[in-house]
Each structure stands twice: as structure tokens, then as C-alpha cells.
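# Remarks on the overall topology
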Amino acid sequence: MEFLNTFIKAAFVENLVLAYFLGMCSYLAVSKSVSTAFGLGLAVIFVLGITMPINWLINEYLLSESGLLGMDLTFLRFILFIAVIASMVQLVEMVVEKYSPSLYSALGIFLPLITVNCAILGGSLFMVSREYNFSNALAFGLGGGFGWFLAIIAIAAIREKIRYSNVPPALRGLGMAFILTGLMGIAFMSLMGIDPAALTAGK
Amino acid sequence: MLKLLKQVEPDKEKSPFLHTAYDAFFTFAFTPNMVTKGGVHVRDGMDLKRQMVHVVLALQVLYLFGTYNIGHQHFVALGEYTGFLQGAHLKLVYGLVKMIPIFIVTHVVGLGIEFYYAYKKGHGVEEGFLVSGALIPLIMPPDIPLWILGVSVAFAVWIGKEAFGGTGMNILNVALLARVFVFFAYPTYISGDEVWIAGIEKAAEGGYFGQAYGAVYGVFDSLFGSLGLATFGDGGKAVIDGYSGATPLGLASKGGWDAVTQSYTTGQMLWGTIPGSIGESSKPLIIVGALFLIITKIADWRIMLSMVIGAVVMGLLLNAWGATPFMEVPWYYHFYMGSFLFAMAFMATDPVTASSTSTGKLIYGFLIGFVGMIVRVLNPAYPEGWMLAILFMNVFAPLIDHYVLQANINRRAKRLQAAMKPAETAAAPAAAEAQA
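Sequence order as written defines the numbering, with residues in each chain counted from 1. Naming scheme: in the order in which they are written, chains are lettered from A and ligands are numbered from 1. Per-residue local features of the predicted model are confined to residues with pLDDT of at least 70, and side-chain atom pairs are confined, for both listing and counting, to 80 or more; whole-chain, interface and lining totals are unaffected and use all residues. Think of the side-chain values as coming from all heavy atoms in the structure, minus any hydrogens and water.

By the naming in an unreviewed UniProt entry, chain A is Na(+)-translocating NADH-quinone reductase subunit E, taken from Phaeodactylibacter luteus. UniProt positions are given in the numbering used here, feature names are shortened, and annotations may be inferred rather than shown by experiment. Entered under Sequence similarities (unreviewed entry) in the UniProt record, the comment concerning chain A runs "Belongs to the NqrDE/RnfAE family." Per UniProt, chain A has the following entry under Catalytic activity (unreviewed entry): "a ubiquinone + n Na(+)(in) + NADH + H(+) = a ubiquinol + n Na(+)(out) + NAD(+)".

Set out below in C-alpha cells:
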């Protein structure tokens, strides 16, 4: 139940893109068509879902004072987290290149750039600051990834639709994407404030 | 008459702005009688402007009732003329005095921006604002400060519509965007209890009292006085004891259905003689409007039906869960409270922002009902969910359409393949025979 709560909270209530505005670079750059956005979204779900538990283990058993080394190594957190993320992204990149070359070429530089996607590092750091346990970290990773995935395919569908609109020239492209993101953020505010944990506690 | 109007038509070259304005009012008043006769072209005068006017017509009864209800609620709060028809002239005048400025500000701001862009882009004024402009006053609390109203309308029309290229291009419902802007930017003006009843102020010591009547009412007072009717008097009276002014939903979220029925009867909620936004409260009149829209095929019944189903399903689930008193409110009572029907009839069915495929509409409506109930019941931050649920699904409507279309394409491709196979097997023996 706690797993589900964290998942729902990360995916809908505290959406990484639309509530925290993290991971904007690839979100804005790759959201021109639904199919590529779909691919990148899946990649982000995968990377977030894998790196969060691994980073949790690293943080708990290597870096903390109660861990295996018995020293407070938390100053290494950023480097180690990024290293884990980078290696996972490398893995995704190889898989995508092998099985879907068209997606690989469509994503281009943005696939390796998932490494520095702040949603992913941000997710890991949220996990530390919120003191999640292992299953919560996994749920937060998958949920956060799913929320990111939803946001990017939604904006991609909208951008496909407004391609036929008579948008003022000054706003075409990125300008419109920013306005859209803001409006989508308003729409997502509808769920903000729901606390699944509090509801189940009342039961 | 037509000739006279044609004579005053400004020259398009010399004064483009005047021509734009002229054109807007001219086509509003007269249907162009240029109708294509042959081929597959448009065959009757049912253009976008006529379609929009139908929606505005459907809203007229709500305007009438809403205006009267503003006055009614005001006097009920003060403990005067508590019968619905008592003091009707006072209530009507009071409602009109509140309503007309809201209506005027909405239209001056919204149409002003619309006219400016039409002139700038050099096309006729688009008719989109007719409906938005008719809806916005109905979903505002009667006591909303006019400058907030103006700002919110400007935001909605500018960012929500003109940035996207004008009528028919917007992603989010313009009227809802205006309301949501007030809701998030000036929360105390729309989520508090007292704003739902016009002319009631919170005193410093915590009680409520009626505002003093201004000069406008003085004019009417002298008129009514000379006719021997009841007058407004001085105002500033205290509100009757125990009157909280809370809306049914506000009560339900605290104490469940019991708390609601202590203050309001189901009959009051059904007919709409309760505080609330101007146009949302009377259920039968909204249903009349909705039927009118369905019969004239302006709004799609699929969205309305599936939205009801979505709300019922979520209501049943919540009843089964029943963790808080609000969750235990039986699902059928949810239709009495709040703005469900108004949102269903006039907001969700907006053809621009809804899904445009038939299957998509069913999914879209269902999810609005579903999400709306979640926000209404489970989210402690907001008392009502339909406005936000519809905006939420507006965001996903293009995505739903995309996947419905993809599914269609895939299914047809499969059907084509299935049709090709027997044809091949049938063709093979024939070819063999021909060879023999």
C-alpha cells in the first residue's frame, strides 16, 4: 500500500516536470512528435526505476556512517549518483541502438543527455532528503518516471495538434512549448494537495 | 434597413479597425445568405457564429435564474423575504445591479482583446468569445471584485487563446482558464464562504452583516416607494443567527451528508435556491439547456453520458471505501451538490478542447467524471473538482485522440490484411485453372 501511495504521489500529485519543473531540457526538445516522446519517456522510466534503488543501496551501505565503510562519505554522493546514472544511460543507449535504430537517430543527442537530465539526479536527491526506504525509493523512481512519461507524451500530442494552428510567429516552437507547460502545470495543480498516505491512515 | 447598414460600412482600406468592428456586429446580426447549392459544400446557414449563438441561447434561463438567485440569497441571509417569490422586485433589482457590471466587464475586456487581434491579423472578428463571454459570468461568485474579473479574462483570452492563434485553436477551455486564474491567484476571493452570497461582509469581530445599499438602490427605492412596494431601506443589518453561508460542498467535506441536510433540503439543492456561483445552482434549468444542446447537436451526448458514468463509478468506489464522512455521501447525492451538471453540459462538451473522435469522447468524458470526483472528495485543498478535472483532461484530449486514431489505423490495416488473404487463396486456384 505504501508502495502504491508513493507511486501515485510521484506520478500525479508531485509530477517532476509539471510541479517541480525538472528535466525540462529534453522535455522541451524531444516533444515534437508522440512516437519519439514515447520512446524517450520509456527510457526515462527505465533509468529512473533502475538508478533509484541502486543509488539507495549506495547511499545506505557505502556512503552513510552506519554503512560498510563506517565513514561519513556523503560528500561523494553527487559523483557516485551521476556515475550510476551515466552507466545506466549507456546501457539504454546500447539497447535502443541495437533494437530501434530509427528511434536512436530520432532521439539523437538527447538519449545520452538523459545522464544530465535533472529529473533523474533530482529524483535521487529527493529520495535522500525525504529519507525513503528501499521499496519507497523504487516506487518513487517508477512513479516519477511514469509522471515524466505522461507529461512528455501529453505535450507531444498537443504540439502535434497545434502544428496546424495559426500561432503568432514570435511564439512558434519553444515559446509555445513554455506557455503550454505552464498551462499544463495549472491543470496538474488539480491533484496537488491530495495525500494518499493520509487517506489510508484515516481508514 | 440592410441598405442603410451597408451604407455606413467603413472602408476596409482606410480604417481597418472600424471595418473589423463593423463586420463583427454585422455578421452577428444577419446570417449571410450566401449558401452553396451543389456539391459537398456547406448547405445551410449553420456557421460557427450560429452554433455559438445556440449555446448562448441555452444559457439564457440560467442567466435569469442566476440573477434572481443573487438577490434571493442576499435577502435570505439577512432573514428578510425568505419565501422564494417574496419581495421579487427587490431581489431582481439587487441581482441585476450585481450581474450587469460583471457581464459588461467580461465582454469589454474579452471582446476588446479579440477585436484588437482580429484587426492586427486582418481577419474578421472570430465568434469564439461569444460563448466564453456568456459562460464566464455564470461561473464567477456574485461578489467578485471587477478588477480581478478583468485580469482573469485578459489572461484567459490572451494566453489561453490568442497565443494559440485564436478561436478553435485553444487547448484549454477559455472560460475555465479565467476561473482557474482567479482560483489560484486570488484564492480568498473565490474559495471563502462569504463571497458566494452578494453584499454580505465579514465584520471584524467575526460576525457577518449586510452591506449598506449604495446610491443605485436609492434610485430604485424612490421608484418602489412611489409605487407602494417594499423598499431596500438602509442596509447594514445583521445576518440571522446561525447563518454560515457555507455551500453544500463545504459542509459535506466537514461533516458528510448529515451536515448538508441540516442547512439545506434536497429540494433547495435541486432547484438551486442555494448560494454558489451565479449560474451553476439550478439543476433542472441546466438539464433543459443540456437537452437543448443535444437536440440541436451542438454538444455531444457521448461526453455527457460517459461523464455521468465516470462520476457514478468513482462515487460507488468511494462509498465502498468510506474512510471519511465525505466519502460516505451516497453517490447519487453528489449530483445535488456543486457544479457537476453545469460542467457536464457546458464546459466538458466544448468541441474545441474536447477529444474529437467518438471513442475518444467516451474516454475523455469518463475520465473527467472519474478525476473530478477524486478532486472533489479526496483533495482537501479544493472544495470542487470539475473545473480542474476538465482542464486536466483538456491537456490529455489530444493524446487520447492520437491513440484512438492509431488504434483505428492498426485495426484497418489488420482488416485489410485479413481481406487480402482470402482474396489471394481464391485467386490462386483461378490462376491455376487459367494455366491449365
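Read on, since the account is not over.
### Focus on the overall build of chain A
On a plain count of helices and strands, chain A comes out with nine helices and zero strands. For this measure, only C-alpha atoms enter the radius of gyration; the expected value for a globule follows 2.2 Å times N^0.38, where N is the number of residues. Taking 17 Å as the expected radius of gyration for a compact globule of 203 residues, we find that chain A reaches 18 Å, a close match to that expectation. C-alpha extents for chain A along the principal axes are approximately 60 × 45 × 30 Å. Of all 203 residues assigned to chain A, the portion counted as buried reaches 52%. Residues are treated as being in contact if the distance between any of their heavy atoms lies within 4.5 Å. Put simply, 77% of the contacts in chain A that link residues at least 6 apart link residues at least 24 apart. Accessible surface for chain A amounts to roughly 8,900 Å². Of this, 70% is attributable to carbon and sulfur atoms. The charge count includes Lys and Arg as positive and Asp and Glu as negative, but it does not include His or the ends of the chains. To locate a charge, take NZ of a lysine, CZ of an arginine, CG of an aspartate or CD of a glutamate. Between the mean site of the 10 positive side-chain charges and the mean site of the 10 negative ones, chain A shows a separation of 17 Å. Helix and strand assignments follow DSSP, with helices taken as H or I runs no shorter than four residues and strands as E runs no shorter than two, numbered in order from the N terminus. Each residue gets one of three labels from its accessible area relative to the maximum for its type: buried under 20%, exposed over 50%, partly exposed in between, using a 1.4 Å probe on protein chains only. Methods summary: accessible areas were calculated by the Shrake-Rupley approach with a probe of 1.4 Å, and residue burial reflects only the protein chains presented.

### Things to note about the packing of helix 3 (residues 34-63) of chain A against helix 7 (residues 134-161) of chain A
All names here are of chain A. To obtain each axis, a line is fitted to C-alpha atoms, and for helices this fit is confined to the stretch in contact; angles are then taken between N-to-C directions over 0 to 180 degrees. One can describe the packing of helix 3 onto helix 7 by two numbers: an axis separation of 8 Å at closest approach and a directional angle of 165 degrees. When the axis of helix 3 is compared with that of helix 7, the two are roughly antiparallel. Considering how the two elements wind past one another, helix 3 and helix 7 form a crossing that is right-handed. Its residues assigned to classes, the contact of helix 3 with helix 7 shows 24 nonpolar, five polar and one charged. Roughly parallel here means an angle under 35 degrees, roughly antiparallel means over 145, roughly perpendicular means 65 to 115, and every remaining angle is called oblique. Less than a right angle of anticlockwise turn of the near helix away from the far helix marks a crossing as left-handed, whereas a clockwise turn marks it as right-handed. Three categories are distinguished: nonpolar for Ala, Val, Leu, Ile, Met, Phe, Trp, Tyr, Cys and Pro, charged for Asp, Glu, Lys and Arg, and polar for the others, with Gly belonging to the last.

### Topic: the nonpolar core
Throughout, nonpolar core names a set of buried Ala, Val, Leu, Ile, Met, Phe, Trp, Tyr and Cys residues whose side chains join them through atoms within 4.5 Å. Of all hydrophobic cores here, the largest spans 168 residues; its most connected members are Tyr27 of chain A together with Leu59, Phe342 and Phe346 of chain B. The element best represented in this core is helix 16 (residues 386-435) of chain B, accounting for 14 residues. The contacts of Phe342 of chain B, once residues within four sequence positions are left out, are Leu59, Leu62, Leu135, Leu138, Ile139, Gly279, Glu280, Ile286 and Met347 of chain B.

### Some points on the UniProt feature "transmembrane region" (unreviewed entry) in chain A
All names here are of chain A. Per the UniProt record, "transmembrane region" (unreviewed entry) is annotated on residues 6-30, 37-58, 78-96, 103-126, 138-158 and 170-194. Between the first and last C-alpha atoms of residues 6-30 the distance is 27 Å; the span itself is 56% helix and 0% strand. Along residues 78-96 one finds 100% helix and 0% strand; the C-alpha atoms at either end are 27 Å apart.

### Focus on the interface of chain A and chain B
In this assembly, 33 residues from chain A lie in contact with 34 residues from chain B. Taken over both partners, the interface formed by chain A and chain B buries close to 2,900 Å², and the fraction arising from carbon and sulfur atoms is 77%. We define a salt bridge as a side-chain nitrogen of Lys or Arg found within 4 Å of a carboxyl oxygen belonging to Asp or Glu. Taken together, chain A and chain B are joined by zero salt bridges. As used in this structure description, the phrase polar contact means that two N or O atoms lie within 3.5 Å; if the pair is within protein, one of them must be able to donate a hydrogen and the other to accept it, and residues adjacent in sequence are counted only when both atoms belong to side chains. At the junction of chain A with chain B, the criterion picks out two residue pairs in polar contact (both at pLDDT 80 or more). Secondary-structure elements contributing two or more residues to the side of chain A that touches chain B are helix 3, helix 7, helix 8 (174-188) and helix 9 (196-202) of chain A. Partitioned by chemical class, the residues of the side of chain A that touches chain B number 24 nonpolar, six polar and three charged. Put simply, buried area is the surface a 1.4 Å probe can reach on two separate parts but cannot reach once they are joined, added for both.

### Points about the side chain of Lys91 of chain B
Residue and element names in this part refer to chain B. Inspection of the secondary structure puts Lys91 in helix 4 (residues 88-121). Polar side-chain contacts of Lys91 include one of 2.9 Å to the side chain of His72. Setting aside its immediate chain neighbours within four residues, Lys91 contacts Thr67, Tyr68, Gly71, His72, Phe75, Tyr81, Gly83, Phe84 and Gln86.

### Focus on helix 13 (residues 301-321) of chain B
Look at helix 13 of chain B: 30 Å from first C-alpha to last across 21 residues, which is about the 30 Å you get at 1.5 Å a residue. Within helix 13 of chain B, burial applies to Ile303, Met304, Ser306, Met307, Gly310, Ala311, Val312, Met314, Gly315 and Leu318 of chain B. Expected span of a helix: the number of residues minus one, times 1.5 Å.

### Side note on the packing of aromatic side chains
Only rings of Phe, Tyr and Trp enter the pairing, Trp through its six-membered ring, and a pair is recorded when the two centres are within 6.5 Å. The plane angle decides the type: under 30 degrees is stacked, over 60 is edge-to-face, the rest tilted. The final tally for this structure, using the stated rule, is 21 aromatic pairs over all chains. Ring geometry for Phe340 of chain B versus Trp386 of chain B: centroids 4.7 Å apart, planes at 75 degrees, classification edge-to-face. Within this pair, whereas Phe340 of chain B is found in helix 14 (residues 340-347), its partner Trp386 of chain B is found in helix 16, the two being separated by 46 residues in sequence. Overall, the relative accessible area of 1% leaves Phe340 of chain B in the buried class. According to the relative accessible area criterion, Trp386 of chain B is buried, its value standing at 1%. Each residue in the set Phe7, Phe12, Phe38, Phe146 and Phe149 of chain A is aromatic and connected to the rest through ring pairs, giving one cluster. Lying over the aromatic face of Phe126 of chain A, Arg130 of chain A brings its terminal NZ or CZ to 4.5 Å of the ring centre. Counted as over-ring charges are cases with an Arg CZ or a Lys NZ within 6 Å of the ring centre that also lie within 35 degrees of the ring normal.

### Structural notes on the packing of helix 6 (residues 146-161) of chain B against helix 7 (residues 174-185) of chain B
Residues and elements named next belong to chain B. Helix 7 packs onto helix 6 with a crossing angle of 130 degrees between their chain directions and a minimal axis gap of 8 Å. The orientation of helix 6 with respect to helix 7, classified from their angle, is oblique. When you trace helix 6 past helix 7, the crossing you get is right-handed. Two secondary-structure elements touch here, helix 6 through Ile148, Val151, Ser152, Val153, Phe155, Ala156, Val157, Gly160 and Lys161 and helix 7 through Val174, Leu177, Ala178, Phe181 and Val182.

### Some remarks on the state of the cysteines
Residues and elements named next belong to chain A. Two cysteine sulfurs form what is called a disulfide whenever their separation falls within 2.5 Å. One pass over the structure, following the stated rule, counts zero disulfides over all chains. Here Cys25 is not cross-linked by a disulfide; its sulfur's nearest cysteine counterpart is in Cys118, at 5.3 Å. What makes Cys118 partly exposed here is its relative accessible area of 35%.

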